Each structure stands twice: as structure tokens, then as C-alpha cells.
Amino acid sequence: MKLIYKIEFNSTNFYFKHIIDDLISNTKVNIKAKMYKGFILLICNDTKEELEIFFKILEEKLPNSIFLANSEFIDKFDFDVNLELEEKDIKINLSLLTNDEIVKITSENNIDFSNDINKIKKGGVSRFETHNGLKDLFLPSLKIRKEFESKGYEVKLLITNINKLSTLLEVSKKDLQLLCSIERPLIKLKFKHSQNINNEYSNTNFIYAKIADDKETVLFSQSLKKEGIDYLLYVNDDVYQDGLKVTYTQSQNIIIHGEKGIFPKYDYELKRKVFSCNDYFEEYGSIYKSILAQFDKKYVPSIGIYFSQKSEESAIKINVPSLGEKDVILIPNVLNNIENCLEDIKNIDENAARLVINYKKKFSKYFEEEFIKKDFNSFASILNLLSYIMGIKNNNEFEDTALSYDGENALQINMNIIKIDGKRYLDYRKIIQSIMSYKIADVDNPKLAYSFYESLAEFINTNVILINEELNAENLILCGDLFSNQILLSEIKKANDSMNIIIPKEYPLDY
């Protein structure tokens, strides 16, 4: 019986094919797996009974992956047109923790973690060595969490007992699938209403969480679970590569940030080994250009939105084959200085000047806090200033505040364009002025933060329509870590359903 089974797999790393190869070898079925760009083919040539046994095992034992999408039997395949990928000698930093491998690890190893566990139980911090470097782990604690955050660390959640996860966090079937995928990414989850009331886990209602991703952490998690410790907080103290942060839409998974399990890799477009995000993106000159190459869109017109909280190059862009990439609307890299920001707003007009005076009187307690000047760019600098003025900690907390809003009606935040030296910029002053006006009228922070993303989506959608009146592009490319925000992303996809919206599948949204 001859069949061809196609598995969509949006990575050219070979580790997933190796897992399939092992399953084929163990069942001794006559199937050959072949790797192509974007998919894996299983070419089956065996009896119906043997194939039924294999596909049942495949269904039971093949792990999920963040790069995995649809699978189907196909009637034919052109082997002459589609070139099989040649495997290169690339070793990636990823432990292949299939269910069988986890059983093997726990049955063959017996490590005494009593010293670490006792230290954690007494409210201390365990400094733990993993395959990817050092982690500091501790029980949920407002005091310890704030100490680490004051030093610039991001505090995340390690889940040691996945069966108890739903008692702490809101979690969907898709969230669970991603958490348990072979890449073991970090997923942003929301606390249940009765949890985190003392902010012992997080300063907001959200936290990035993951399960064990290597042999050492699997064994430690097993010991912790036996002691009734279902969750721990941790910080990466000294790691080799940042873990992947992943989100998703209805149609695809999206890598926000990170390198673990992706790099190093062989890139078949560049025809060389790529070592990091920097190495990959700098080869092309911009993230937008790299996506044009990934999706073979260099020679057709397209609109690109690169909105980043890290880069200085955030902009609404176009690609015209005869001219190349061009910035249409730029996002300013404003000074991270609160007094300069308020002076900029005062200079809009007399009403704005009065607004600043009245605002500082009404919310004087916000301005008693020290403004932390950080080396932020683009949207991070704007959101950092906006957060301070609203009495919110920082740009990350601003996003979580928006996600916590459970209403439907958004306010209109002014998103205007200003011309400076012949270039068009988003006028950050009007954004902050608009939110100050609503805030002084007693609109709460969740609604204001939510409205920011809704209005930014409307700004994008309006300008995409205007640009496309002349460009007639079919493709809208979204990149930059700001598009990890579900509010922004869903509104853009909803309003541009006639266009082919392209979001990177194999590489992160941003550096």
C-alpha cells in the first residue's frame, strides 16, 4: 500500500524528523521520511495493517512542536520540483524530552535534591545548574521577587506539576499544548482571580511560565512535586541562550523572542550556518527584509509594519521591487526624560500646557516616584514615559494592564502624524496628551491601556488603506515584538482580511 503523508513543519532544523525516524525504526515499518522547506513527507510502502499500527503509534508518541501545523495524506507529489533538504552537521541546544525520554530519565537517575529543597522550603533561593546555565529558584515571595526585579531580572514561573496548573492560572488547551511542546517555550498566562492577590508571583495578573526543559530540571521538578511544591519562581542568572517566548493566533504559532532550540542552524537561503538572531537579521539588513526573503516576496510590492520595543528602526514600510525598502511613517526614538516629555506636551498649545499643570496637581503622587531612565528605543521609550505618567511601573506592566481589561468599548486615543525635516513621524506627544485628558476625567488604567492598542491598530489600518491606494500590494508583513500583543494583532487581522497577512514562522518577531 503506497501513501504519502505530509506534515507541515515550519522549521528547517532536523530534530523533529529524527524523532519520526526513531518511531519508524522502532516499528520496522517500510516508511521513508524526507525533509523539505516547510514540511516533512512520509513516503509509505507497506501493508494496510502495518501502516495502521504505525500511524496509531505516531498519534500517541509524536510530541507537539511550536513549528507543527496541519498534517494530511496527499494524492501526489512532484519530487523533481521540490528539493529535499540536505541535513547539515548542526547541534542545537535542545533536549528532546519525549514522554519516553522523560520516563527513562526518571527511572535511571536518583539524585538527592534535599539540600536545595530544604533551602527553598525555608524561604531561601536555590542556585541550580541546568543544561542551559544557572537558574535561581525560590517559592513565591513578594520580597525576593522585587529584589531580583530591582536588579533587572525578569521573574518567571517554573511549573513542576502540570496537573495543578489550572488551580493557579487560566490555561487553554492551546496553552497546554505549547507548554508541553518539544521546544518547551515560555507562555504568558493569566492568574485566576483568587490567586496572586498579594503580588507574590507577579506585579500584574500575568506571568511567563514553562515546564522543565532539560534532564536536570526534569529530575528536580519530580523531587519538588513529591514534596508538594507545584510551582517555583525563577530567574535566569547565567544562561547560554534565551528561552523562546511564544504566543499564537488561530492560524499559527508566533515566536516573540529567544534563540534556544533555533540557533545555531543552517539557513538554506543563505547557504551557511547561522549562529544567532543578530547574525541572521543583520545578514539581511532588517527584519522586514529577512521576511521578504523567507516568504519569497522580494520581487512583489508589500507593506511592512515593524513595530519594536527594542529597535531604533520601527516604522511603517513598503517594499517596491524597483526601489527596494522605504520608510513611510517613522516611530520616534524620544528622550527617556519625563521633564522633556512634559515640556514637549506643553508646547503643543495653551490647552496642553494647562493640562500638564492640572495633571501634576491631581496625580502628584505619581511624580514623587523616581523616573527610571533606561536605554529604551521606539515604543519602549514611549510606553515607559506613558506608564510613569499613569502610575504604572513600566512598559511591560502597561501591556499586562491592557490585557486585564474585560470590557469591549475602547476610547479614541489620538494617533497623529507630524512632519519633521521632510519625514513623517507618529506624534508621541498627542498620544500621551490624549491619555492624560482621559485620565484626569477619571478613566481607569486598564481601559486606557487597552484603548492605546486599539487606537494604534486603527492608525495602522487607516494608513495601510491609504498606502495601498497607490501600491496595490497583496501582502501585509507584521514584525517586531509589539505584535505579540493580542489586542493589536487581532484588530489588524480583522480589518485586513482581504490581504495576505504574513507573520514569521521559523524565526522570532524581533531580536
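The rules we used
- Residues numbered from 1 in each chain as written.
- Predicted model: local features only at pLDDT ≥ 70, side-chain atom pairs only at ≥ 80, totals over all residues.
- Heavy atoms only, no water.
- Helix = DSSP H or I, 4+ residues; strand = E, 2+ residues; numbered from the N terminus.
- Rg over C-alpha atoms; globule rule 2.2 N^0.38 Å.
- Buried < 20%, exposed > 50% of the residue type's maximum accessible area, 1.4 Å probe, protein only.
- Areas by Shrake-Rupley, 256 points an atom, 1.4 Å probe, with all protein chains shown as cover.
- Lys, Arg positive; Asp, Glu negative; His and termini not counted.
- Charge placed at Lys NZ, Arg CZ, Asp CG, Glu CD.
- Polar contact = N/O pair within 3.5 Å; in protein donor to acceptor, adjacent residues only side chain to side chain.
- Contact = heavy atoms within 4.5 Å.
- Axes fitted to C-alpha atoms, helices over the stretch in contact; angles between N-to-C directions.
- Parallel < 35°, antiparallel > 145°, perpendicular 65-115°, else oblique.
- Left-handed = near helix turned anticlockwise from the far one by under 90°.
- Nonpolar A, V, L, I, M, F, W, Y, C, P; charged D, E, K, R; others polar.
- Pairing = 2+ DSSP bridges.
- Core = buried A, V, L, I, M, F, W, Y, C linked by side-chain atoms within 4.5 Å.
- Expected span 1.5 Å × (residues − 1).
- Phe/Tyr/Trp six-rings, centres within 6.5 Å; stacked < 30°, edge-to-face > 60°.
- Lys NZ or Arg CZ within 6 Å of the ring centre and 35° of its normal.
- Disulfide = S-S within 2.5 Å.

### Observations regarding the overall build of the chain
Scanning the chain from terminus to terminus reveals 17 helices and 22 strands. Over its C-alpha trace the chain gives a radius of gyration of 25 Å, about what one expects of a compact globule, namely 24 Å for 511 residues. For the chain, the spread of C-alpha atoms along the principal axes amounts to about 80 × 65 × 40 Å. Burial analysis of the chain (511 residues in total) assigns 54% to the buried set. Within the structure as shown, the chain displays about 24500 Å² of accessible surface, and the carbon and sulfur contribution to it stands at 45%. Looking at charge distribution, the chain has the averaged site of its 66 positive side-chain charges lying 2 Å from that of its 78 negative ones.

### Focus: the side chain of Gln 309
Within the secondary structure, Gln 309 sits in the loop between strand E16 (302-306) and strand E17 (315-320). Residue classification places Gln 309 among the buried positions, given a relative accessible area of 14%. Here the side chain of Gln 309 touches Asn 395 through a polar contact of 2.9 Å, side chain to side chain. With near-sequence residues (within four places) excluded, Gln 309 lies in contact with Asn 377, Phe 379, Ala 380, Leu 383, Asn 395, Asp 481, Leu 482 and Asp 510.

### Regarding the packing of helix H4 (residues 114-121) against helix H8 (residues 215-226)
Between H4 and H8, the least distance of the axes is 11 Å, while the angle of their chain directions is 55°. Comparing the axis directions of H4 and H8 gives the class oblique. Helix-helix and strand crossings are classified by hand; for H4 and H8 the assignment is right-handed. Note on element contacts: H8 touches H4 through Phe 220, Ser 223 and Leu 224, opposite Asp 116, Ile 117 and Ile 120. Within the contact of H4 with H8, the residues separate by chemical class into four nonpolar, one polar and one charged.

### Some points on the sheet that holds strand E11 (residues 231-239)
Across the sheet, seven strands lie side by side as E5-E6-E11-E7-E10-E9-E8; this open sheet has mixed pairing. The sheet is open, and its two edges are formed by strand E5 (126-130) and strand E8 (169-170), each paired on a single side. Relative to strand E6 (residues 133-138), E5 runs antiparallel, the two being bridged by five bridges. In the strand pairing of E6, Phe 128 is matched with Lys 135. Packing of H8 onto the sheet brings it into contact with E5, E6, strand E7 (156-159) and E11, and relative to E5 it is tilted by some 140°.

### Side note on the sheet that holds strand E3 (residues 39-45)
Strands sit in the order E2-E3-E1-E4 across an open sheet of four strands; the sheet is antiparallel. Edge positions in the sheet fall to strand E2 (31-36) and strand E4 (68-74), since each has one partner strand and no second. On average, adjacent strands in this sheet sit at an angle of 15° to one another, irrespective of strand direction. Running over the sheet, helix H1 (residues 15-27) touches strand E1 (2-9), E2, E3 and E4 and is turned about 175° from E2.

### Side note on the nonpolar core
Counting residues in hydrophobic clusters, the biggest one holds 71 residues, and the most contacted among them are Ile 303, Ile 305, Phe 307, Phe 452 and Phe 483. For this core, the element with the most residues is helix H16 (residues 445-471), which contributes twelve residues. If you look at the next biggest cluster of nonpolar residues, it comprises 70 residues, including Ile 20, Ala 33, Tyr 288 and Cys 479.

### Regarding helix H15 (residues 428-440)
The first and last C-alpha atoms of H15 sit 19 Å apart over 13 residues, in line with the 18 Å expected at 1.5 Å per residue. Taken together, the buried positions of H15 are occupied by Tyr 428, Arg 429, Ile 431, Ile 432, Gln 433, Ser 434, Ile 435, Met 436 and Lys 439. Each element contacted by the buried residues of H15 is listed here: helix H11 (338-346), helix H12 (350-362), helix H13 (378-390), strand E19 (417-420), strand E20 (423-426) and H16. Downstream of H15 by a residue or two, Asp 442 has a phi angle that is positive, lying close to 75°.

### Brief notes about the packing of aromatic side chains
A full pass over the atoms with the stated rule returns 34 aromatic pairs. Ring geometry for Tyr 280 versus Tyr 284: centroids 5.4 Å apart, planes at 65°, classification edge-to-face. In this pair, Tyr 280 and Tyr 284 both sit in helix H9 (residues 277-284), four residues apart, roughly one turn of the helix. The burial state of Tyr 280 is the same as that of Tyr 284; both residues are buried. Among the aromatic side chains, those forming a connected cluster through ring pairs are Phe 263, Tyr 280, Phe 281, Tyr 284, Tyr 507 and Tyr 511. For Lys 174, the ring lying beneath its charged end belongs to Tyr 248, and the centroid distance is 6.0 Å. When the ring centre of Tyr 208 is taken as origin, the NZ or CZ atom of Lys 245, which lies over that ring, is 4.4 Å away.

### What to know about the pairing of E16
In terms of burial, E16 is a largely internal element, five of the five residues being buried. Neither face of E16 is left uncovered, since the one carrying Ser 302, Gly 304 and Tyr 306 and the one carrying Ile 303 and Ile 305 both have all their residues buried. Where E16 and E17 come together, five bridges link them in antiparallel fashion. Looking at E17, one finds that Ser 302 is bridged to Asn 319. Sheet analysis places E16 next to strand E21 (residues 475-479), joined by five bridges and oriented parallel. Bridge assignment links Ile 303 to a residue of E21, and that residue is Leu 476.

### Remarks on the state of the cysteines
Linking two cysteines covalently through their sulfur atoms gives a disulfide. Tallied over the full model, the rule gives zero disulfides. In this structure Cys 479 is a free cysteine whose sulfur lies 13 Å from that of Cys 277, the closest cysteine sulfur available. What makes Cys 479 buried here is its relative accessible area of 1%.

### Structural notes on the environment of Tyr 231
Following the sequence through the fold, Tyr 231 ends up in strand E11. Once the C-alpha coordinates of Tyr 231 and Lys 164 are considered, the two residues, 67 residues apart in sequence, prove to be 8.8 Å apart. Dropping the residues within four chain positions of it, Tyr 231 is found in contact with Leu 139, Pro 140, Leu 157, Leu 158, Thr 160, Lys 164, Leu 165, Thr 167, Leu 168 and Tyr 201. A distance of 2.3 Å separates a polar atom in the side chain of Tyr 231 from the backbone oxygen of Lys 164. Of the polar contacts made by the side chain of Tyr 231, one reaches the side chain of Thr 167; its length is 2.8 Å.

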